[in-house]
Amino acid sequence: IDREFVELIPPLSQEERQQLEQNLIAHGGARDWLTVWEHDGQLILLDGHSRYEICTRLGLKFDILKIKLADKNAAKVWMIDNQKGRRNLTDGWKYELAQAKKKILEPIGKVNQSQSLGRGKKGLSKVDKPFCEHNTQQEIAKELGWSTGKVAMADKVWKEAEPEVKEKVKAGEVSINEAYQEIKIAVS
């Protein structure tokens, strides 16, 4: 278990964890596969951290699914994308995961861009570029199913709000709009 991977994804609430434990006991173990990344001869858990902990603690059965990924960044992106299927993700956690993915992918994009522009030319035609130009805010909005305005509000909240406010947004206690309005009021 890689702590960095565990900290990347939203933890279960106490209620969700209790429900999961009851389900695992009722079924005699995990019905769904625990997904592991096979890397350098080791199996690193990517999906099913809570199921793994509960099953090992209670001696319940589980099966694993091994997947191959290029590197640690690819594993992180896989984990983030896998989280999209969770029904209980708040908008705050969705935004947080999108920002984590952006942080992972930005260096790759910069390398691609520098390789494209490093051919002795001031610039290349759009046809010659091996990467697609894009508006990051629009891409995040599209991925989250939000408007660019909502992404802009979330950007401002994550940049300017106190950590406690961001935690409330992630917990679903305060909406992104409510946190944004509080920042606007505080500034005026």
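Residues numbered from 1 in each chain as written. Predicted model: local features only at pLDDT ≥ 70, side-chain atom pairs only at ≥ 80, totals over all residues. Heavy atoms only, no water.

Q: So what exactly am I meant to see when it comes to the layout of surface pockets here?
A: The space that makes up the largest pocket amounts to roughly 1100 Å³. If you trace the largest pocket, you find 31 residues lining it, with Leu12, Leu20, Asp47, Arg51 and Arg86 closest to the centre. Of the residues forming the lining of the largest pocket, the biggest block, seven residues, is contributed by helix α2 (residues 14-27). Considering only residue class, the lining of the largest pocket consists of 10 nonpolar, 11 polar and 10 charged. (1 Å grid on protein atoms, 1.4 Å probe; cavity = no way out; pocket = protein on both sides within 12 Å on 5 of 7 lines; lining within 4 Å. Points joined across faces, edges and corners; volume = space filled by probe spheres on them. Helix = DSSP H or I, 4+ residues; strand = E, 2+ residues; numbered from the N terminus. Nonpolar A, V, L, I, M, F, W, Y, C, P; charged D, E, K, R; others polar.)

Q: What should I look at first to understand the packing of helix α6 (residues 136-144) against helix α7 (residues 148-160) in this one?
A: Packed helices, taken two at a time, are described by the angle between their axes plus the distance between the axes. In contact at an axis separation of 8 Å, α6 and α7 are set at 105° when each is read in the N-to-C sense. By the angle between their axes, α6 is roughly perpendicular relative to α7. Between α6, through Gln137, Gln138, Ile140 and Ala141, and α7, the contact on the second element is made entirely by Thr148, Val151, Ala152 and Asp155. Considered class by class, the residues forming the contact of α6 with α7 number four nonpolar, three polar and one charged. (Axes fitted to C-alpha atoms, helices over the stretch in contact; angles between N-to-C directions. Parallel < 35°, antiparallel > 145°, perpendicular 65-115°, else oblique. Contact = heavy atoms within 4.5 Å.)

Q: Even after reading the chapter, I still don't get the side chain of Arg51, so can you show me in this structure?
A: Relative to the elements of secondary structure, Arg51 occurs in helix α3 (residues 49-58). Arg51 gets classed as buried once you look at its relative accessible area, which sits at 14%. In contact with Arg51, other than residues within four places in its own chain, are Leu20, Leu24, Ala30, Asp32, Trp33 and Leu34. (Buried < 20%, exposed > 50% of the residue type's maximum accessible area, 1.4 Å probe, protein only.)

Q: What should I look at first to understand the nonpolar core in this one?
A: For soluble globular proteins, the rule of thumb is that nonpolar side chains tend to be buried together. If you look at the biggest cluster of nonpolar residues, it comprises 18 residues, and the most contacted ones within it are Trp146, Val157, Val169 and Ile176. Of all the elements in the fold, those that place two or more residues in this core are α5 (91-117), α6, α7 and α9 (176-187). No other element matches α7, which puts five residues into this core. For Ile176, the contacting residues outside a window of four places in its chain are Asp91, Trp146, Lys150, Met153, Ala154, Val157 and Val169. Among the nonpolar cores identified, the runner-up in size contains 15 residues, and Phe5, Trp37, Leu89 and Trp93 belong to it. (Core = buried A, V, L, I, M, F, W, Y, C linked by side-chain atoms within 4.5 Å.)

Q: I tried to follow α7 on my own but got confused; where do I start?
A: Side chains that are three or four residues apart share a direction in an α-helix, a result of its 3.6 residues per turn. For α7, with 13 residues, the first-to-last C-alpha span of 18 Å sits near the 18 Å given by 1.5 Å per residue. The complete set of buried residues in α7 reads Val151, Met153, Ala154, Val157 and Trp158. Down the axis, α7 shows its buried residues gathered within 160° of arc, on one side only. (Expected span 1.5 Å × (residues − 1). Arc of directions from axis to C-beta.)

Q: I keep staring at the sheet that holds strand β1 (residues 34-39) and nothing clicks. Help me out?
A: Backbone hydrogen bonds hold the strands of a sheet together, and the pairing may be parallel or antiparallel. Pairing is mixed in the open sheet, where three strands are placed in the order β2-β1-β3. Sheet topology places β2 (42-47) and β3 (64-67) at the edges, where each strand pairs with a single neighbour. Direction aside, the axes of adjacent strands within the sheet are offset by 40° on average. For β1 and β3, the ladder comprises four bridges, and the chain directions are parallel. If you follow Trp37 over to β3, its bridge partner there is Ile67. (Pairing = 2+ DSSP bridges.)

Q: Can you help me understand the environment of Ile64 in this one?
A: For Ile64, the position within the fold is in strand β3. Residues Ile64 and Asp47 lie 17 residues apart in sequence; the distance between their C-alpha atoms is 9.7 Å. With residues up to four places along the chain from it excluded, the contact list for Ile64 reads Trp33, Leu34, Val36 and Leu43.

Q: What exactly am I supposed to notice about the pattern of salt bridges here?
A: Two side chains bearing opposite charge may form a pair once their charged atoms approach each other closely. Per the counting criterion, the structure on display carries 14 salt bridges. Across the salt bridge formed by Arg17 and Glu53, the nearest N and O atoms sit 2.4 Å from each other. You can see Arg17 sitting in helix α2 and its partner Glu53 sitting in helix α3, a full 36 residues away along the chain. Classification of Arg17 by relative accessible area gives partly exposed; the value is 24%. In this structure, Arg57 engages Glu21 in a salt bridge whose closest nitrogen and oxygen atoms are separated by 2.8 Å. Placement of Arg57 in helix α3 and of Glu21 in helix α2 is noted, with a sequence separation of 36 residues between them. You can call Glu21 partly exposed: its relative accessible area is 23%. (Salt bridge = Lys/Arg side-chain N within 4 Å of Asp/Glu carboxyl O.)

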